[in-house]
Every structure is written in C-alpha cells, then in structure tokens.
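Topology and contacts: notes
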Amino acid sequence: MEKILWQQVQLVKQKSPLVHNITNYVVMNNTANALLAAGASPVMAHAKSEIREMINIAHSLVINIGTLDEYWAESMLMAAETVNAIHKPWVLDPVGAGATPFRDQILHQLLQYHPTVIRGNASEIIALAKINTTATKGVDSTAQSDEAIDAGQILADQYNTIVCISGETDIILSTQHQFFIKNGHPLMTKVTGLGCSATALIGAFIGIVEDKAIAAASAMGLLGIAGELAAKESQGPGSLQMFLIDKLYNITEQEFMTHLKIEQK
C-alpha cells in the first residue's frame, strides 16, 4: 500500500493538475502554497462570470465554505452543478457544518451535486449526516475522528462518495474501503487552515488518480508525514508552516515509505 500511495504523490508532481478552488479568505494563501509545493497548479476564482469556463479547463474543483456569504454561495452552487454535469471530480469541505441554518442549507444544496470526496473534522461530518447533536465549536472539532465513522459511512453510502474524517487518526471511508492513517503532529492543530490544505491536496490527487479513495489516502498521508517531519525542525506554529511547505516540496520516497502509518479494513 505504501508504494501505491507514493506513486500517486509522484504522479501529482509529474502531471501538475490544475485545481480550481472556491475557498475561504483565511486560507487562500496557505492552500495555494500547499498545492504548488506538492506539484499541483492552483487557481482561486469565485466570479460567477467565469465559473463554468474555469471548471472546463481544471482537473478538479475544491469547494470550502469557511467564509460563506450569499454571493459565494451562488458561485459554489453554480460550480458544483457544472462539475457534476461534466463528470469532473470535486471535493467539499463543510467548514462549520451545523453552526448556522444558512450554512446547513447551502451544504444540503451542495450535497445534491454528489461531491467525489467530503473532507471535514469529526464534528462537521456528524453534523452533515444529521445523526448526532454534537455541537460544532467554530471550525474546530469537539469530537474524535473515530466517533464520526458511522456518520461518515452514512454519507458515503447515501451520496456514493468518499468521506475523509480528519483528526488524530485520519479516516477515509467509501462504499468499499476504510483507510486509517495515523500520521501528523499535535502542533498542526495550532496552524489555521491545515485542514483546508488537506482538502485542497485531495482536490489535486482526485484530479488525476483514478481510484478516488487511494487519492484521498495519498493526500492525507503526504500532509501528515510532512507535518510530522516539519514539527521536528520547527520552534512553534509559525516555523511549522514554513517547514511543512518545504517538506511537501522536497519529501523523499524513503521519508514517505518509512513514516507512513496506514491500515486498511
């Protein structure tokens, strides 16, 4: 399995997929740099006048509702409708799911366009599946990733999608597979937008990798290992960001193969 995932990491660097991001103001710079370092090509565009044209030339779409407003919501729905109609892959990041009725309404509409992958923390996945009343604290998780497995499986089955639950253990669920990735470092939770970077990286991988569950696992493994290795060199959250971007760029096969901790069920 480790070798298969490393091959996908190399494929992204070789193919440089164009990833169309409609994401939040807080993380645009972070996610663009993460994509570039991993070998992908990011574009950040939310103007309704160019949504359809941009999707036509992109390999994949990322929708992140972090700083949602009425205009962006219309752009996101237009983008999701377009990408679904032309059968291109897309990933949904349901930031703050369950926090407000407006956010939940937009998420409900987006789900009708069948995201290829849904990536969120445990609280967001639980809220999205509407099977638990666990409170969402801002955009941080108040639940552990393994607490959201049932909710994630419901979403995977209902929408025929891949569900990625981020946490101390990253869990990737599909109708056929379950992957458990135990990489990363606690310091990563002190840097805003690393979950959003994970979503963007998944967007890059699903743009060119045929098996979308493998694509999600490759992206999460890459970011987790990069975070682990970066934490060894950093003095805190600020330097962690710098070293993490560097490691996404220069990670070696030996580093990836040695550090990846993955189980398949």
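Residues numbered from 1 in each chain as written. Predicted model: local features only at pLDDT ≥ 70, side-chain atom pairs only at ≥ 80, totals over all residues. Heavy atoms only, no water.

Brief notes about the overall build of the chain
- In terms of regular secondary structure, the chain is built from 11 helices and 9 strands.
- Relative to the 2.2 N^0.38 estimate, which gives 18 Å for 265 residues, the radius of gyration of the chain is 17 Å and therefore close to what a compact globule would have.
- Evaluated residue by residue, the chain yields a buried proportion of 57% over its 265 residues.
- A fraction of 69% describes how many contacts in the chain between residues 6 or more apart in sequence connect residues 24 or more apart.
- A total of about 11,100 Å² of accessible surface is found on the chain, and carbon and sulfur atoms cover 51% of it.
- Taking the average location of the 17 positive side-chain charges in the chain and that of its 25 negative ones, the two points are 3 Å from each other. (Helix = DSSP H or I, 4+ residues; strand = E, 2+ residues; numbered from the N terminus. Rg over C-alpha atoms; globule rule 2.2 N^0.38 Å. Buried < 20%, exposed > 50% of the residue type's maximum accessible area, 1.4 Å probe, protein only. Contact = heavy atoms within 4.5 Å. Areas by Shrake-Rupley, 256 points an atom, 1.4 Å probe, with all protein chains shown as cover. Lys, Arg positive; Asp, Glu negative; His and termini not counted. Charge placed at Lys NZ, Arg CZ, Asp CG, Glu CD.)

Thoughts on the nonpolar core
- Grouped together as the largest cluster of nonpolar side chains are 51 residues, with contacts concentrated most on Ile-172, Ile-202, Phe-205, Leu-222, Leu-244, Leu-248 and Phe-256.
- Broken down by secondary-structure element, the contributors of at least two residues to this core are α1 (2–15), α2 (28–38), β6 (162–166), β8 (178–181), α8 (194–206), α9 (212–233) and α10 (237–250).
- Of all the elements, α9 adds the most residues to this core, at 14 residues.
- With near-sequence residues (within four places) excluded, Leu-222 lies in contact with Val-9, Ala-38, Phe-205, Leu-248, Ile-251 and Phe-256.
- In this structure, Leu-92, Leu-110, Leu-128 and Phe-180 belong to the second largest nonpolar core, which totals 41 residues. (Core = buried A, V, L, I, M, F, W, Y, C linked by side-chain atoms within 4.5 Å.)

Thoughts on the confidence of the model for the chain
- Mean pLDDT over the chain works out to 93, with 94% of the residues at or above the 70 mark.
- Within the model, the stretch residues 131–141 combines pLDDT values under 50 with 25 contacts to residues more than four positions away or in other chains. (pLDDT = per-residue confidence, 0-100.)

Description of the environment of Leu-222
- Mapped onto the elements, Leu-222 comes out in helix α9.
- We classify Leu-222 as buried; its relative accessible area is 1%.
- The spacing of Leu-222 and Trp-6 is 216 residues in sequence and 8.5 Å in space, taken between C-alpha atoms.

Some remarks on the layout of surface pockets
- In this structure, the second largest pocket encloses a volume near 320 Å³.
- As for the second largest pocket, its lining consists of 20 residues, and the residues nearest its centre are Pro-115, Thr-116, Asn-160, Thr-161 and Ile-162.
- Secondary-structure elements contributing two or more residues to the lining of the second largest pocket are α4 (70–85) and α9.
- Taken together, the residues of the lining of the second largest pocket break down into 7 nonpolar, 10 polar and 3 charged. (1 Å grid on protein atoms, 1.4 Å probe; cavity = no way out; pocket = protein on both sides within 12 Å on 5 of 7 lines; lining within 4 Å. Points joined across faces, edges and corners; volume = space filled by probe spheres on them. Nonpolar A, V, L, I, M, F, W, Y, C, P; charged D, E, K, R; others polar.)

Digging into unusual backbone geometry
- For Ser-16, which is not glycine, the phi torsion reads 45° and is therefore positive.
- One non-glycine residue, Asn-160, adopts positive backbone phi at about 50°.
- Take Asn-160: it is sitting in the loop between α7 (149–159) and β6.
- Asn-160 sits in the exposed class, given a relative accessible area of 62%.

So, α4
- Along its 16 residues, α4 runs 23 Å from first to last C-alpha, staying within 8% of the 22 Å computed at 1.5 Å per residue.
- Every buried residue belonging to α4 is among Trp-72, Ala-73, Ser-75, Met-76, Leu-77, Met-78, Ala-79, Ala-80, Thr-82 and Val-83, and all of these are buried.
- Where α4 is buried, its residues touch β1 (18–22), α2, α3 (51–57), β3 (60–64), β4 (90–93) and α5 (101–111).
- With a side-chain oxygen positioned 3.2 Å from the backbone nitrogen of Tyr-71, the residue opening α4 is Asp-69.
- At the C-terminal side of α4, His-87 shows a positive phi close to 60°. (Expected span 1.5 Å × (residues − 1). Polar contact = N/O pair within 3.5 Å; in protein donor to acceptor, adjacent residues only side chain to side chain.)

Regarding the environment of Lys-190
- Within the secondary structure, Lys-190 is located in the loop between β8 and α8.
- The sequence separation of Lys-190 and Glu-228 amounts to 38 residues, and the corresponding C-alpha distance is 14 Å.

Thoughts on the sheet that holds β4
- Reading across the sheet, the 9 strands line up as β2-β1-β3-β4-β5-β6-β7-β8-β9 and stay open at both edges, with mixed pairing between neighbours. Both edges of this open sheet fall to β2 (41–44) and β9 (262–264), since each of them pairs with a single strand only. Between one strand axis and the next, the sheet turns by 20° as a mean value, whatever way the strands run.
- Across 4 bridges, strand β7 (residues 170–173) lies against β8 in antiparallel orientation. What sits directly across from Ile-171, in β8, is Phe-180.
- Its contacts with the sheet put helix α6 (residues 122–129) on β4, β5 (117–121) and β6, and the angle it makes with β5 is roughly 120°.
- Across the sheet, α8 touches β1, β3, β4, β5 and β6, and the angle it forms with β4 is around 170°. (Pairing = 2+ DSSP bridges. Axes fitted to C-alpha atoms, helices over the stretch in contact; angles between N-to-C directions.)

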